[in-house]
Amino acid sequence: MEDILTKAVRAIQDQGAEFGDAHHQAIDRTYIVLVDGGVRVIDNGRLEGVTLRSRINGSWGYASTVDLGNESILDAAMRSVINAKHGTAKGKRIPDRKANHSKMTAQVRIHPSKVPIEEKVALMKDLDRAQKIDERVVNVNSVYREEAKNNFLISSFGDSLQWEEVRARLIVQPVAHEGDRTEFYFDLIDGTKGFEMVKEADIMAFGKNAAEEAVKMLKSQKAPSGLHTVISDPMISGLLAHEVMGHASEADEVVKKRSFLSNVVGKQVASPLITMVDDGTVAGAHGSIPFDDEGTPSSRTTIIKDGVYQGYMHSLETAGEMGVKPTGNGRAQDYGHRVWVRMTNTFFDKGDATLEEMLEGVKFGVLTDHMISGMEDPVAGGFEAKALRGYLIENGKVTDMLRSFTLTGSALEILKTTDAVGKDVLLDGGTCGKGIEDFVPVSSGGPYCRSKITLGGG
Amino acid sequence: MQLEPIMKKAIKTALSEGVNDAEVFAVRSRTLSVYVDDNAIKNVEEKTDQGLCVRVIRAKKIGQASSTYSNIRDSESCAVKAVKLAGVSQPDPVFKNFPLSEKGAEVPNVYDKAVSAMDADTITELAKNIVASAVTAGKVKVPSGLIRVAAIQSMLVNTNGVETENRNTMIYAHFTSMTEGEMPGEGVRSFFSPHLAGFDTAEFGKHLGQGAVDSMKAIPFEGEKKMTVIIPPIELQELLQSTVSYSISAENVHRHRSVWAEMAGKEVASPNITMLDDPFDAKGMLSSGYDDEGVRTSRKVLIDRGVLKTFLYDSYNAQKAGMKPTGNGIRRSPIDSQNLYRNGVDIDPVNLVVKPGTKSLEQVIAGIDNGLMIGRLASADASGITGAFGLEIRCAYVIEKGAITGTVNHALAAGNMFDALKNVREVANDTTVIRSGILPSVAFEGIEIIGSK
């Protein structure tokens, strides 16, 4: 493969591209779903293809193919150049750099491909059984997913990089029903880890706990509406970090002045208690990568320090445009998707408060628990986070459980009201789309944070 | 490469591995995309993709494997993996066989040669037209945009004699606009069609630019109150997908996840709500004569004047219920053309159609004394299990005494979609294709609006 990828990149350069790369990926996935005691899906999927990229005068041309014959790959190289020539965008040249050479396998203790499929199915059956604690649990769902992504990247820098990314994920989702109420709860474990992640988990406790929480939710109340003191749990704190401050700190949004954070470097944008980073090097975290999809090694980028805005996340192109070093955030979903500036593991750093200390100061408020989803708003900086549930806080004590609600408001206004930040950072893995597609594995998180946030729910 | 030899090889391999029932779903596509960045053509992409998914039944156990296709060994290894996985699965007492052969399906006209023939010149021209039209709104730019066109061929064969094929083309456009200067407003607009003829780029660009201007003028909504709220097709489709489509899926009915599990024949919505599944509408993104299991599709009334008429079945859930599958086993996507063979079978309407009312949107607005018309939400999803929603309003039009008087933002619309469907004031007639929905704007009574101020 190295020879034909190298030839393809040379052909791209010969046709006048200032920069080009060829990226081969083979992605193997195993996916098992058990529902109510039965194996609903047992699936193995393989995607393999090559994408060729050319850059001419600030515009890009891509061509991808799953036909791995030499002729097909060279044809795609030519088509990428033709496509780039149809661009009208202008931009600075990507600065040249020293070539990188590397060949690495994923740093996992038990590679999932070495574990018999029978063992994985048996584990899922345990997880399924663990959720059946009560007749009110009317539906149980258990999902296991593993993925090994093998990359081979050749670029006009002279890079020749081979690396592997392995991720595993275990999800449990019981549904409880009583009277006219139906509620669900979910929990997950994931990371850039091998099967050791699953072996080390207490599967029975994991499933049982989720089912107990689903049953508890049958008694949950409607959340109060309006602006309240909210203690966000690590998942919801992470959504604020990722969706609003994170997406708006992706430098492609900044270069075109689409981000509300376009001119804030050096300015106080949050409470001095807030420090926020994107770090693709966190061992085992779901968003960690050795290299981004342009061959830049991943790194730790401080975005906010003590409330003062520091800088952005970059691809090769945006770093060249803004005259800084790339940060290893040029990522693509796979060979069939474009490279954008994307996050890795994005989180608020730890403070010094305990949850108990945070609760003590609240006469009336809400403690969030688990997120469902969030949405970015790089233009206006609006925050939207859907919480799976929460708790009422009354006179410093956690009281009634609250059913699903949504938090909203201006992120900058929320972060200026943050008056307590917890001691422990937790990361929550998932996938992130930009707009409504192009999903890459990430994690987001933080500690418990106490702020003023508007909320409401049905 | 033709799909037939790929599929036949996979079936032959599966049978030689000792199974009696096998199915192959294969897809071939060519996709061309153009991305706009800051009013300029930033990126042109061309993708060719082909692959297959093999499902087998071995001693009542089901296995599945999918793969991109580069050469005939991919077909063989995919079939071998599916058989191996079936071997380690567990017997399913319900699923006995893949669908049986049915002939005579109606074939909708959803393949447009003008779309399949598009090249980098023609697609970039469309994008340039949109930008040129959007910027006429004044001090407006287009920071991002995407037009994707694709020609897709999907085929299904199984050992029961099913051999079906669907061919469709797709145009999907998604653009944002923003005003320049401090406190910018943002507009968003999308377009979905199998055909090029209906894509009026000048009109699309004009509304895109105006959306940013309207949004810039928005002021924060103050207080909390229950109001009449018009939800436009672009947001309503997502809300209905996450609640109605979820609740009429036989899988969710069987798994006790559907709140409508016991509601067949009963009232679940206002009398002015009628919904259908119409797989033959030539405007529909997924219109097809056969679903993605090779079952013939059919027109069905789902909700008739508020009364729930039927659930939708794929072959698995049909066998579980002792019914015939309804032609709603879907693997394809209304906005994507890549890796479709990798998707599992989901139960969905082919096209979820909301029957339009008799009044224009302007007439519906004219009848509202005090309300909002949503311009743009952050995301429009409600819980399929409970129906609860809390939706961040990024721009909404204020309706006072039958006229639009301004725009607001920084608010939440909170409620429950299953309750909201029982409180429909009116259905307009501005039918639009949105993903796999064909639907108009709908005015709901009593939605709680919560301001951030």
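Residues numbered from 1 in each chain as written. Chains lettered and ligands numbered in written order. Predicted model: local features only at pLDDT ≥ 70, side-chain atom pairs only at ≥ 80, totals over all residues.

Q: What exactly am I supposed to notice about the overall build of chain B here?
A: In terms of regular secondary structure, chain B is built from 10 helices and 22 strands. Radius of gyration (C-alpha) of chain B: 23 Å, near the 22 Å computed for a compact globule of 453 residues. Taking the principal axes of its C-alpha atoms as reference, chain B extends roughly 70 × 55 × 35 Å. Expressed as a percentage of its 453 residues, the buried residues of chain B come to 63%. (Helix = DSSP H or I, 4+ residues; strand = E, 2+ residues; numbered from the N terminus. Rg over C-alpha atoms; globule rule 2.2 N^0.38 Å. Buried ≥ 20, exposed ≤ 12 C-beta atoms within 10 Å, placed from the backbone.)

Q: Sorry if this is basic, but what is going on with the confidence of the model for chain B here?
A: Mean pLDDT for chain B: 96, with 100% of residues reaching 70 or above. Scored as a whole, the predicted complex attains pTM 0.96, and scored at its interfaces, ipTM 0.95. (pLDDT = per-residue confidence, 0-100.)

Q: Honestly, the packing of helix H4 (residues 120–134) of chain B against helix H5 (residues 201–216) of chain B in this entry has me stumped. Any pointers?
A: Each pair of packed helices gets described by two things: the angle between the helix axes and the distance between those axes. Residue and element names in this part refer to chain B. Following both chains from N to C, one finds H4 and H5 inclined at 45 degrees, their axes separated by 7 Å at the closest point. Classed by the angle they form, the pair H4 and H5 counts as oblique. The two elements H4 and H5 meet at a crossing, and its hand is right-handed. Each of Leu 126, Asn 129, Ile 130, Val 131, Ala 132, Ser 133 and Ala 134 in H4 lies in contact with H5, whose residues at this interface are Thr 201, Ala 202, Phe 204, Gly 205, Lys 206, Leu 208 and Gly 209. Of the residues belonging to the contact of H4 with H5, the class tally is eight nonpolar, five polar and one charged. (Axes fitted to C-alpha atoms, helices over the stretch in contact; angles between N-to-C directions. Parallel < 35°, antiparallel > 145°, perpendicular 65-115°, else oblique. Left-handed = near helix turned anticlockwise from the far one by under 90°. Contact = placed C-beta atoms within 7 Å. Nonpolar A, V, L, I, M, F, W, Y, C, P; charged D, E, K, R; others polar.)

Q: Before we go on, may I ask you to explain the domain arrangement of chain B in this structure?
A: All names here are of chain B. Along its sequence, chain B is carved into domain 1 (3–216) and domain 2 (219–451). For domain 1 and domain 2, the distance between their C-alpha centres works out to 22 Å. Taken together, the contact between domain 1 and domain 2 spans 41 residues of the former and 39 residues of the latter. Taken together, the elements giving at least two residues each to the side of domain 1 that touches domain 2 come down to strand S1 (21–37), strand S2 (40–58), strand S4 (140–158), strand S5 (163–179), strand S6 (186–193) and H5. Of the residues contributing to the side of domain 1 that touches domain 2, the split by class is 22 nonpolar, 13 polar and six charged. (Domains from an automatic or database assignment.)

Q: Before we go on, may I ask you to explain the sheet that holds strand S12 (residues 308–309) of chain A in this structure?
A: Hydrogen bonds between backbone atoms are what pair the strands of a sheet, whose relative direction is either parallel or antiparallel. All names here are of chain A. What the six strands build is an open sheet, ordered S12-S11-S10-S15-S22-S21; its pairing is mixed. The sheet terminates laterally at S12 and strand S21 (426–434), the two strands that pair on one side only. Sheet analysis places strand S11 (residues 300–305) next to S12, joined by two bridges and oriented antiparallel. Bridge assignment links Lys 305 to a residue of S12, and that residue is Val 308. Each of strand S10 (276–279), S11, strand S15 (345–348), S21 and strand S22 (437–446) is contacted by helix H6 (residues 234–246), which is oriented at about 130 degrees to S22, the strand it contacts most. (Pairing = 2+ DSSP bridges.)

Q: In this structure, what is going on with unusual backbone geometry? I would like to understand it.
A: Trans peptide bonds make up the majority, and among non-glycine residues the majority have a negative phi. For Asp 36 of chain A, which is not glycine, the phi torsion reads 50 degrees and is therefore positive. For Asp 36 of chain A, a count of 17 C-beta atoms within 10 Å gives the class partly exposed. One non-glycine residue, Met 183 of chain B, lies in positive phi territory at about 50 degrees. Mapped onto the secondary structure, Met 183 of chain B falls in the loop between S5 and S6. With 10 C-beta atoms packed within 10 Å, Met 183 of chain B lands in the exposed category.

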